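# Overview (structure and organization)
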Number of protein chains: 2
Amino acid sequence: MINHRGPEFAEIIDRMTANFKTILGTQGRAYFLTASGTGSMEAAIVNTLSAGDRVLSISIGSFGNRFGDIAEAYGAEVTRIEFEWGTAADPEKVRETLVSMPDCAAVIVTHNESSTGVMNPIADISKVVHAESDALILVDAVSSAAGVPLPMDDWGLDVVGTASQKSWVAPPGIAMVAMSDRAWKAHETSTIPKYYFDIDQYEKFLQIGQPPFTPALSVIYALDHSLQAIVAEGIEEVLTRHAARAQQTRDGAKRIGLELFPDASIASDTVTAIRVPEGIDGKSLVSRARDEYNVELGGGQEKLAGQIIRIGHMGWVQPEHIDESIDAVEKSLADLRA
Amino acid sequence: MINHRGPEFAEIIDRMTANFKTILGTQGRAYFLTASGTGSMEAAIVNTLSAGDRVLSISIGSFGNRFGDIAEAYGAEVTRIEFEWGTAADPEKVRETLVSMPDCAAVIVTHNESSTGVMNPIADISKVVHAESDALILVDAVSSAAGVPLPMDDWGLDVVGTASQKSWVAPPGIAMVAMSDRAWKAHETSTIPKYYFDIDQYEKFLQIGQPPFTPALSVIYALDHSLQAIVAEGIEEVLTRHAARAQQTRDGAKRIGLELFPDASIASDTVTAIRVPEGIDGKSLVSRARDEYNVELGGGQEKLAGQIIRIGHMGWVQPEHIDESIDAVEKSLADLRA
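Every value quoted in this text rests on a predicted model; they were computed, and no experiment measured them. (Residues numbered from 1 in each chain as written. Chains lettered and ligands numbered in written order. Predicted model: local features only at pLDDT ≥ 70, side-chain atom pairs only at ≥ 80, totals over all residues.)

### Notes on the overall build of chain A
Stated precisely, the cut-off is as follows: Starting at the N terminus, helices and strands are each numbered in turn, a helix being any DSSP run of H or I of at least four residues and a strand any DSSP run of E of at least two. Radius of gyration here uses only the C-alpha atoms, and the compact-globule reference equals 2.2 Å multiplied by the residue count raised to the power 0.38. Remark: C-beta atoms are placed from the backbone, and a residue is labelled buried if 20 or more other C-beta atoms sit within 10 Å of its own, exposed if 12 or fewer do, or partly exposed between those counts.
Check the secondary structure of chain A and you find 11 helices and 12 strands. Over its C-alpha atoms chain A spans a radius of gyration of 20 Å, differing by no more than 12% from the 20 Å that the globule rule assigns to 338 residues. Expressed along its principal axes, the backbone C-alpha trace of chain A runs to roughly 60 × 50 × 30 Å. Counting across all 338 residues of chain A, residues that qualify as buried make up 57%.

### Topic: the environment of Asp251 of chain A
Residues and elements named next belong to chain A. Here Asp251 shows up in helix 9 (residues 235-255). Given 11 C-beta atoms within a 10 Å radius, Asp251 is considered exposed. Distance in space between the C-alpha atoms of Asp251 and Ile326 is 9.8 Å, their sequence separation being 75 residues.

### Considerations on the pairing of strand 4 (residues 104-110) of chain B
All names here are of chain B. What counts is decided by this rule: Paired strands, as defined in this entry, are two strands with at least two bridges between them according to DSSP.
Extensive coverage of strand 4 is indicated by the burial of seven of its seven residues. Sheet analysis places strand 2 (residues 54-59) next to strand 4, joined by five bridges and oriented parallel. Paired with Val55 across the strands is Ala106, a residue of strand 4. As judged from the five bridges shared by strand 4 and strand 7 (residues 136-140), these two strands associate in the parallel manner.

### Quick look at the domain arrangement of chain A
Residue and element names in this part refer to chain A. Heads up, the rule is: Domain ranges listed in this record stem from an automatic or a database domain assignment. Remark: residues whose backbone-derived C-beta atoms lie within 7 Å of one another are considered to be in contact. The residue classification treats Ala, Val, Leu, Ile, Met, Phe, Trp, Tyr, Cys and Pro as nonpolar and Asp, Glu, Lys and Arg as charged. All others, Gly included, are polar.
What the domain assignment lists for chain A is domain 1 (7-233) and domain 2 (235-337). Each partner contributes residues to the interface: domain 1 has 23 residues there, and domain 2 has 23 residues. Elements represented by at least two residues in the side of domain 1 that touches domain 2 include exactly strand 6 (118-119) and helix 8 (217-233). The residue makeup of the side of domain 1 that touches domain 2, split by class, is 10 nonpolar, 11 polar and two charged.

### Let's talk about the nonpolar core
For clarity, the cut-off: By definition, a nonpolar core groups buried Ala, Val, Leu, Ile, Met, Phe, Trp, Tyr and Cys residues that are joined through C-beta atoms within 7 Å.
In this structure, Val107, Val160 and Val177 of chain A together with Val107, Val160 and Val177 of chain B are the most contacted members of the largest nonpolar core, which totals 225 residues. Sequence-distant contacts of Val177 of chain B, defined by excluding residues within four places in its chain, comprise Ala30, Tyr31, Leu33, Ser40, Ala43, Ala44, Val159 and Gly161 of chain B.

### Some remarks on the pairing of strand 10 (residues 271-275) of chain A
Residues and elements named next belong to chain A. Taking burial as the measure, the five residues of strand 10 include four buried ones, the bulk of the element. By the bridge criterion, five bridges tie strand 10 to strand 12 (residues 308-312) in an arrangement that is antiparallel. Bridging from a neighbouring strand, Ile274 pairs with Ile309 of strand 12.

### Here's the deal with the relation of the copies chain A and chain B
To keep things clear, this is the line we draw: What sets the superposition is a least-squares fit of C-alpha atoms, and only residues with pLDDT of at least 70 in both copies go into it.
Expressed as a screw operation, the relation of chain A to chain B combines 0.0 Å of axial shift with a rotation of 180°, fitting to an RMSD of 0.0 Å. In short, the pair behaves as if placed about a two-fold rotation axis. Distance from the rotation axis, computed per C-alpha, reaches its smallest value in chain A at Ala35 of chain A: 2.6 Å. Interface overlap between copies: 100% of the residues of chain A at the interface are likewise at the interface in chain B, consistent with a symmetric, same-surface contact.

### Describing the interface of chain A and chain B
Listed per partner, the contact involves 32 residues of chain A and 32 residues of chain B. Mapped onto the side of chain A that touches chain B, the elements with two or more residues apiece are helix 2 (37-48), helix 3 (62-73) and helix 8 of chain A. Sort the elements by how many residues they give to the side of chain A that touches chain B and helix 2 of chain A lands first, with four residues. Looking at the side of chain A that touches chain B residue by residue, the classes come out as 15 nonpolar, 12 polar and five charged.

### Structural notes on the sheet that holds strand 11 (residues 298-299) of chain B
Residue and element names in this part refer to chain B. Selection rule: Geometry is summarised by axes, namely lines fitted to C-alpha atoms with helices restricted to the contacting stretch, and by angles between N-to-C directions that run from 0 to 180 degrees.
Read across the open sheet, the three strands follow the order 10-12-11; overall the sheet is antiparallel. A strand with exactly one partner marks an edge of an open sheet, and here the two such strands are strand 10 (271-275) and strand 11. Packed onto the sheet, helix 9 (residues 235-255) meets strand 10 and strand 12 (308-312) and runs at close to 10° relative to strand 10. The strands that helix 10 (residues 282-293) touches are strand 11 and strand 12; relative to strand 12, the one it contacts most, it runs at about 40°.

### Section: helix 2 (residues 37-48) of chain B
Residues spaced three or four apart along an α-helix point in a common direction, a consequence of the helix completing one turn every 3.6 residues. This is how the line gets drawn: Here the expected length of a helix is defined as 1.5 Å per residue gap, with one fewer gap than residues.
In this model helix 2 of chain B runs 18 Å from its N-terminal to its C-terminal C-alpha over 12 residues, within 8% of the 16 Å that 1.5 Å per residue would give. Of all the residues in helix 2 of chain B, the buried ones are Gly37, Thr38, Gly39, Ser40, Met41, Glu42, Ala43, Ala44, Ile45, Val46, Asn47 and Thr48 of chain B.

### A word on the sheet that holds strand 11 (residues 298-299) of chain A
Residues and elements named next belong to chain A. The sheet built from three strands is open, its strands ordered 10-12-11 with antiparallel pairing. For this open sheet the edge positions go to strand 10 and strand 11, each flanked by a neighbour on one side alone. The sheet contact formed by strand 11 and strand 12 spans two bridges and is antiparallel. By the bridge assignment, Gly299 is partnered in strand 12 with Ile309.

### Observations regarding the environment of Ser180 of chain A
Residues and elements named next belong to chain A. Locating Ser180 in the fold gives a position in the loop between strand 9 (174-179) and helix 6 (181-189). Along the chain, Ser180 and Val159 lie 21 residues apart, while their C-alpha atoms are 6.4 Å from each other. If we skip the residues at most four places from it in the chain, Ser180 touches Gly28, Leu157 and Asp158.

### A few points about the confidence of the model for chain A
Note the cut-off: The predictor rates its confidence in each residue with pLDDT, a number between 0 and 100.
Counting all residues, the mean pLDDT for chain A is 96, and 99% of those residues have values of 70 or more. Across the interfaces of the predicted complex, the ipTM metric reaches 0.95, alongside a pTM of 0.95.

### Concerning the packing of helix 9 of chain A against helix 11 (residues 319-337) of chain A
Residues and elements named next belong to chain A. For the record, the criterion: Working rule for angles: under 35 degrees goes down as roughly parallel, over 145 as roughly antiparallel, 65 to 115 as roughly perpendicular, anything else as oblique. Rotating anticlockwise by less than a right angle from the far helix to the near helix defines a left-handed crossing, while the corresponding clockwise rotation defines a right-handed one.
Relative to each other, helix 9 and helix 11 sit at 25°, their axes nearing to 10 Å. In terms of orientation, helix 9 and helix 11 fall into the roughly parallel class. Crossing of helix 9 against helix 11: the hand is right-handed. Across from Arg245, Gln248, Thr249, Gly252 and Ala253 in helix 9, the residues of helix 11 making contact are Pro319, Ile322 and Ile326.

This is the structure in structure tokens:
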């Protein structure tokens, strides 16, 4: 552990900030908070909005619902559009709702919905938002950024929140937030009460190369290393690698006779959701794979409990890891059917 | 990394919760949040208070001021008693103020003020609070718990907040919060907006052995280990060890001709603040010790910048580490005077 108020930390945080911005393709501001990914979603809300602000929440699963819940917890007037789990948000439906909300302050949306393995068409949604309103667009990119394309400035996104343990290949513990100039301006008039997630403090201390509060240093070290590795490999190469692993996973599921949960055209490149075959209990499948084959699958959440399994393929996942996972699913299914 | 929604994590979190409560001497509730120590202070405020509540903030330094700032940020009506930096809070002064605040909802106070190396008489303050009011007592124990005596239930404390990187001997990243039944009851009527730090979610998920949000797992592992080690060594032995290291540090400072910043009777057992001798710049002293002798001293904060140095002696600090630090101070002073 180093002194987080000393010169070594200043060097690290400057380098991390620059690399994170390069990877996201943004000229905006960026901050590292000691928190889970949900902390980045909360930071997006509390730093740009005020109680009573109208917010349009687009949800295609449990993380989308959570984003809306956070906005509501802080007193926003939330209008929710919920699409069926397993489908993606339809930008035209977003347009229809948005035109009836002339005072909409922000549209909040999940990029990659981990709970259903679906990716939302963020670029198209952002176009609609900017065409029809002055609303900010706040994106939960916890499980997408650094795994799938998300050129923040090109796509006109105002806040992007993500987390160290996902495609950033570091342990969990650091939430990352990037903000556009519009978001920073909104922050100046935001009246939601805040302290720990108040971006003002992070900005003020960043000027002197320090964090406002003692950060999760061990995670900072790992993340600094990962950010450098991603920039060194090249973000395009990293994204191509993620797409290849995702395709391998989808092909593998098909090979062992399973169906994807979402349509392949909207399937996530960071997590694949697979339908559990009829007559099989998804929870038993997850347990079997863990106990007999030492492979940790994700199960279905909430209304999908027992109905799907999920295989993550973010970060430094290698082709043989995917093979192992598919293999474990095949064997576990055979065991359960025996 | 394990699945934080799997059976291994459930075992870890149950064990950690039990050990943490044993060490603090409480039958109350306890939670682990992924955050800096400041997150534990914020959790104490947002979970027990409502906007407009009257709060008495007792401060003897920069961390005390921060606690008051957090309460104010969330809309509490904060009355502040500030004692001179380098002194401890006087329970009789607290009584005088408290009797004029019949509707006081909470008294907030720092146990160990790291910025000045002073420990507050929390047991005496708590007695006054309970004798004169129905106010809750919320304690910032970030740099005291597990290093100095803090029997939570015996002393009648309602919320105790602390952090993994201090006397708990783990890396930074996990904030820890313990709550009495009174605090839990206050939580039920608290209307401050909250989500990430809402203790309801932590309680609900604890029932099924899960965290509500992905925790800083690497820190969780280390902290689990430390908590077991503290219980195995025995909390009394751990506290005795801390007291011995503190005494060694104070003796060492005296031996090389330096004065403690606070009076020895109120000097902290986890961090020692030493007055920088006249004619010496404290910042140069800190730099010199770092650059020439590889010893990381703390400097003075805010109004004490340049005037004091601070030596931490929390956790597994060994006698030879203290000797090294004192030695580095002595040599650096000689260098600066040469």
